[in-house]
Amino acid sequence: MKTLQAQLNFIGILHGDIQSRRDAPKNFDESDHVGTLEIYPQYKAGLEGVNPGQIIVVLFWLHKSDRDTLQVYPRGDRSRGLHGVFATRSPVRPNPIAISELKVLAVRGTHIDVAGLDILDGTPIIDIKKKLRG
């Protein structure tokens, strides 16, 4: 079977106060961290309609994550046994893509101030989407 190749274009970078995985909340719904999504100028038009108060879904490329690990202990809890990474939200995986739901605090040109961060400072942004209902 032929393997398809993909190309990603990062649309921006995250600025926040989380410097290490040890300091990161396990999930966005457990976080009170705030930060800024800096969107590159060529993508500014894509921000039209992003408004304070709404929840956005942001996809990040976890550039510091191990891409070779296929099994982990969920949340580091060895009593739960090993699980395949596709059955967890572990940041280590073949394609280290993270998904976070963030509350928009302000939109300032190409900068979006957000709350609920669980991602390291300096992490590249892949995409932003409107949150599905629910």
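Above this text is the structure in question.
This text gives an overview of the structure that appears in the document. Since the model is a prediction, treat every value here as computed from it, not as a measurement. (Residues numbered from 1 in each chain as written. Predicted model: local features only at pLDDT ≥ 70, side-chain atom pairs only at ≥ 80, totals over all residues. Heavy atoms only, no water.)

A look at the pairing of strand β6 (residues 97–108)
Using the following cut-off: When DSSP finds two or more bridges between a pair of strands, those strands are recorded as paired. Each helix is a run of H or I in the DSSP string that is no shorter than four residues. Each strand is a run of E no shorter than two, and both are numbered from the N terminus.
Sheet topology places strand β3 (residues 55–61) next to β6; seven bridges connect them, and they run antiparallel. Residue pairing for β6: F60 is matched across the bridge by A98. Pairing geometry for β6 and strand β7 (residues 111–117), over five bridges, is antiparallel. Considered in β7, the bridge of V107 is made with I112. If you look at the hairpin formed by β6 and β7, you'll find two residues sitting between the two strands, and G109 has a positive phi there, around 65 degrees.

Overview of the sheet that holds strand β1 (residues 12–16)
Here is the rule: Under this scheme, a helix contributes an axis fitted over its contacting stretch, all axes are lines through C-alpha atoms, and angles between N-to-C directions fall in the 0 to 180 degree range.
The sheet built from six strands closes into a barrel, its strands ordered β1-β2-β7-β6-β3-β8 with antiparallel pairing. Within this sheet the neighbouring strands show an average axis-to-axis angle of 45 degrees, counted without direction.

Details of the pattern of salt bridges
Filter applied, for reference: Each salt bridge in this description consists of a side-chain nitrogen of Lys or Arg and a carboxyl oxygen of Asp or Glu lying within 4 Å of one another. Accessibility here uses a 1.4 Å probe with only protein chains present; expressed as a share of the type maximum, an area under 20% marks a residue as buried, one over 50% as exposed, and anything in between as partly exposed.
Within the structure shown, the criterion is met by three salt bridges. Across the salt bridge formed by E101 and K131, the nearest N and O atoms sit 3.7 Å from each other. Linking E101 in strand β6 with K131 in the segment after β8 (124–130), this pair joins segments that are 30 residues apart in sequence. One salt bridge in this structure joins K129 and D127, with 3.8 Å as the shortest N-O distance. The class of K129 is partly exposed, set by a relative accessible area of 44%.

Observations regarding the layout of surface pockets
Test applied: Cavities and pockets were defined on a 1 Å grid built over protein atoms only: a cavity is a set of grid points that admits a 1.4 Å probe from which the probe cannot escape, a pocket is an open set flanked by protein on both sides within 12 Å along at least five of seven lines, and lining residues are those with an atom within 4 Å of any such point. Grid points are joined across faces, edges and corners, and a volume is the space filled by probe spheres set on the points. Each residue gets one label: Ala, Val, Leu, Ile, Met, Phe, Trp, Tyr, Cys and Pro are nonpolar, Asp, Glu, Lys and Arg are charged, and the others, such as Gly, are polar.
Each pocket or cavity is described by its volume, and for the second largest pocket that value is around 200 Å³. Looking at the lining of the second largest pocket, the element that brings in the most residues is β8, giving four residues. Taken together, the residues that form the lining of the second largest pocket break down as seven nonpolar, three polar and four charged.

A few points about the environment of G76
Residue placement: G76 occurs in the loop between β4 (71–72) and β5 (83–84). The exposed category is assigned to G76, whose relative accessible area is 55%.

Describing the pairing of β1
Across five bridges, β1 lies against strand β2 (residues 33–39) in antiparallel orientation. Paired with H15 across the two strands is T36, which belongs to β2. Relative to β8, β1 runs antiparallel, the two being bridged by two bridges. The residue bridging I13 from the neighbouring strand is P124, located in β8.

Shape descriptors only; they carry no functional weight alone.
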